[in-house]
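# Survey of secondary and tertiary structure
Chain by chain, the residues:
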Amino acid sequence: MEKKRSTRYDILLISALLCLSLIIGLVVFLTRREGAYVVIEINGKETAKYSLSIDGEYSINGGTNILVVKDGEAYLTYADCPDKTCVKTGKIKHVGESIICLPNRVAITIKGNTEDGVDIVS
């Protein structure tokens, strides 16, 4: 008898957690904003900023990475690091999204338009 009660509460708890996760996921998905520009940081220092509205190809960190901005999205097409995780990350376009290349110490982050107010990314 005790076994059934435990299973019933387990199922109830799992269902509640799944519903809560779904609600949080929907809120995050529905409130995200498209970015205005991409910021390049090398060793934690901002080195460049490019508009997402202007297509271009940019060499980063002396050619260790190649950034492409096209159709409002940013992505890496080349990296000389061994695992190429940063290239496999794909395209980013929403505020707060990032591509990180740890071996080359490069961080590429999408930022919003500061005229719209304060960007809060955490």
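Quick caveat, the model's predicted, so the values are computed rather than measured.

Rules used throughout
Residues numbered from 1 in each chain as written. Predicted model: local features only at pLDDT ≥ 70, side-chain atom pairs only at ≥ 80, totals over all residues. Heavy atoms only, no water. Helix = DSSP H or I, 4+ residues; strand = E, 2+ residues; numbered from the N terminus. Buried < 20%, exposed > 50% of the residue type's maximum accessible area, 1.4 Å probe, protein only. Contact = heavy atoms within 4.5 Å. Areas by Shrake-Rupley, 256 points an atom, 1.4 Å probe, with all protein chains shown as cover. Pairing = 2+ DSSP bridges. Axes fitted to C-alpha atoms, helices over the stretch in contact; angles between N-to-C directions. Patch = residues over 30% accessible without salt bridge, like charges linked within 9 Å, V, L, I, M, F, W, Y side chains within 5 Å. Salt bridge = Lys/Arg side-chain N within 4 Å of Asp/Glu carboxyl O. Core = buried A, V, L, I, M, F, W, Y, C linked by side-chain atoms within 4.5 Å. Phe/Tyr/Trp six-rings, centres within 6.5 Å; stacked < 30°, edge-to-face > 60°. Lys NZ or Arg CZ within 6 Å of the ring centre and 35° of its normal.

### Some points on the overall build of the protein chain
- When helices and strands are tallied, the protein chain shows two helices and seven strands.
- Starting at the N terminus and walking to the C terminus, you meet the elements of the protein chain as α-β-β-β-β-β-α-β-β.
- In the protein chain, which comprises 122 residues, the share counted as buried stands at 29%.
- Restricting to contacts in the protein chain with at least 6 residues of sequence separation, those with at least 24 account for 35%.
- When the accessible surface of the protein chain is split by element, carbon and sulfur atoms take 57% of a total near 8,600 Å².

### Points about the sheet that holds strand β2 (residues 45–51)
- The antiparallel open sheet is built from four strands, whose spatial order is β2-β1-β7-β6. At either end of the open sheet lies a strand with only one pairing partner, and these are β2 and β6 (98–101). Here the strands of the sheet are splayed against their neighbours by 15° on average, with no regard to which way each runs.
- Across six bridges, strand β1 (residues 37–42) lies against strand β7 (residues 106–111) in antiparallel orientation. Directly across from Val39, in β7, lies its bridge partner Thr109.

### Overview of the pairing of strand β4 (residues 65–70)
- Across the six residues that make up β4, a large majority, five, are buried.
- Sheet analysis places strand β3 (residues 56–60) next to β4, joined by five bridges and oriented antiparallel. Its bridge partner being in β4, Tyr58 is matched across the sheet by Leu67.
- Turn length for the β3-β4 hairpin, with the two strands adjacent in sequence and antiparallel, is four residues, and the turn residue Asn61 shows positive phi of about 60°.
- Pairing between β4 and strand β5 (residues 73–79): six bridges, direction antiparallel.

### Here's the deal with a nonpolar patch on the surface
- Nonpolar side chains collect at one region of the surface, where Leu13, Leu17, Leu20, Ile24 and Val28 lie side by side and expose about 480 Å² of accessible area between them.
- For Ile24, the position within the fold is in helix α1 (residues 2–31).
- Relative accessible area serves as the criterion here: at 49%, Ile24 is assigned to the partly exposed category.

### Re the nonpolar core
- Counting 20 residues, the largest nonpolar core has Val38, Ile40, Ile60, Leu67, Ala74 and Ile108 as the members making the most contacts within it.
- Of all the elements in the fold, those that place two or more residues in this core are β1, β3, β4, β5, β6 and β7.
- Not counting residues within four places of it along the chain, the set of residues in contact with Val38 comprises Ala48, Lys49, Tyr50, Leu52, Leu67, Val69, Ala74, Ile108, Thr109 and Ile110.

### Examining the packing of aromatic side chains
- Scanning the model with the defined rule gives one aromatic pair in all.
- The ring of Tyr75 carries the charged tip of Lys91 above its face, separated from the ring centre by 5.1 Å.

### Things to note about the environment of Val69
- Its location among the elements puts Val69 in strand β4.
- A sequence separation of 16 residues divides Val69 from Ser53, and the C-alpha atoms of the two residues are 8.3 Å apart.
- Setting aside residues no more than four positions away along its own chain, Val69 makes contact with Val38, Ser51, Leu52, Ile54, Asp55, Gly56, Tyr58 and Ala74.

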